[in-house]
Amino acid sequence: MSQPPHRLTGYDSSPMLYFPVPVVALLVALGLAATTALVALLMHLASRGRQQAVRRVLGVAILLWAAGLAVAVLPGAPVPDPSIPAGTFNWVPFLAHQDRNLGVEMVANLGLCAPLGLMLAFGWRGFSVVKTTMLVLAVSICVETTQLLLRNNRAADITDIITNTAGGLAAATLGWALAAWARGKHSPEPAFAPASLLEH
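Please read all numbers here as calculations on a predicted model, not as lab measurements.

Visitor: Describe the overall build of the chain, with residues and values.
Guide: Helix and strand counts for the chain come out as six helices and four strands. Listing each helix as α and each strand as β along the chain from the N terminus yields β-β-α-α-β-α-α-α-β-α. Sequence-distant contacts, at least 24 apart, represent 72% of the contacts inside the chain between residues at least 6 apart.

Right, dumping it as structure tokens:
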């Protein structure tokens with residue numbers, strides 16, 4: 001069951017707020033619900049060719065997502081991860097899942113970067129699914145590297161990178177399709193072109 005947030009002191013002696021995995025999963029679910037409403041708004045604006053309004057909405061939404069990401073994954077944990085020694089990076093995919101049931105954590109990691117994948121599809125027409133996925137991969141690597149450097153009892157794990165990126169890829173693909181459909185309602189040009197998935 002979920003527990004209340006823990007207050008603890010990091011290496012810089014500043015208090016940090018930690019949320020246990022079930023709470024993070026709930027926050028991710030709420031974030032995805034909010035993203036669904038946001039995508040509906042973006043589709044409405046894109047279908048009317050209001051790209052400037054789209055960019056303004058995205059500017060605020062991406063900043064809020066980034067702040068939520070930082071709160072969810074950067075504060076230190078009260079105890080070390082028993083599967084991965086502190087100060088090390090685990091290169092074995094799903095190693096921790098062999099010792100304990102981390103299904104909720106995996107689902108949360110799949111949804112963690114999904115909002116970014118959805119939003120970027122509406123931000124820049126030149127961003128293909130591949131480019132967006134590479135950006136999500138870079139964000140995930142940065143998060144895991146930061147957790148490793150902070151040595152704050154958070155496990156730096158290749159599994160998190162894989163699941164974050166997989167969720168970002170799925171969301172980017174869905175977002176691309178929705179954005180293309182919405183823009184197609186405004187433009188007489190064909191909305192879908194398979195080659196645009198790999199455009200540079």
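Visitor: Please give an account of helix α2 (residues 51-73) that cites residues and values.
Guide: Counted at 1.5 Å a residue, the expected span for α2 with its 23 residues is 33 Å, and the 32 Å between its end C-alpha atoms agrees. Restricting attention to buried positions, one finds in α2 the residues Q51, A53, V54, L58, A61, W65, L69, A72 and V73.

Visitor: Give me the lowdown on the packing of aromatic side chains, citing residues and values where you can.
Guide: Summed over all chains, the structure comprises one aromatic pair. For the pair F89 and W91, a centre-to-centre distance of 4.5 Å together with 55° between the ring planes defines the contact as tilted. On the basis of relative accessibility, which here comes to 21%, the residue F89 falls in the partly exposed class.

Visitor: Now, about the packing of α2 against helix α4 (residues 114-123): what can you tell me, with residues and values included?
Guide: Contact pair α2 / α4: the axes reach a minimum separation of 9 Å and the direction vectors enclose 160°. What the angle tells us is that α2 and α4 run roughly antiparallel. Crossing geometry of α2 relative to α4 is assigned as left-handed. Contacts between α2 and α4 involve Q51, V54, R55, L58, A61, I62 and W65 from the first element and P115, L116, M119, L120, F122 and G123 from the second. Of the residues in the contact of α2 with α4, the class split is ten nonpolar, two polar and one charged.

Visitor: Break down the environment of L135 for me, with residues and values.
Guide: Mapping L135 onto the fold places it in helix α5 (residues 129-150). Considering only alpha carbons, one finds L135 and G117, 18 residues apart in sequence, at a separation of 8.8 Å.

Visitor: Can you break down the confidence of the model for the chain residue by residue, with the values?
Guide: Summing up the model confidence of the chain, the mean pLDDT is 80 and the portion of residues at 70 or higher is 80%. In the predicted structure, residues 1-16 sits below a pLDDT of 50 and forms 30 contacts with residues beyond four places in sequence or in another chain.

Basis of the calculations
- Residues numbered from 1 in each chain as written.
- Predicted model: local features only at pLDDT ≥ 70, side-chain atom pairs only at ≥ 80, totals over all residues.
- Heavy atoms only, no water.
- Helix = DSSP H or I, 4+ residues; strand = E, 2+ residues; numbered from the N terminus.
- Contact = heavy atoms within 4.5 Å.
- Expected span 1.5 Å × (residues − 1).
- Buried < 20%, exposed > 50% of the residue type's maximum accessible area, 1.4 Å probe, protein only.
- Phe/Tyr/Trp six-rings, centres within 6.5 Å; stacked < 30°, edge-to-face > 60°.
- Axes fitted to C-alpha atoms, helices over the stretch in contact; angles between N-to-C directions.
- Parallel < 35°, antiparallel > 145°, perpendicular 65-115°, else oblique.
- Left-handed = near helix turned anticlockwise from the far one by under 90°.
- Nonpolar A, V, L, I, M, F, W, Y, C, P; charged D, E, K, R; others polar.
- pLDDT = per-residue confidence, 0-100.

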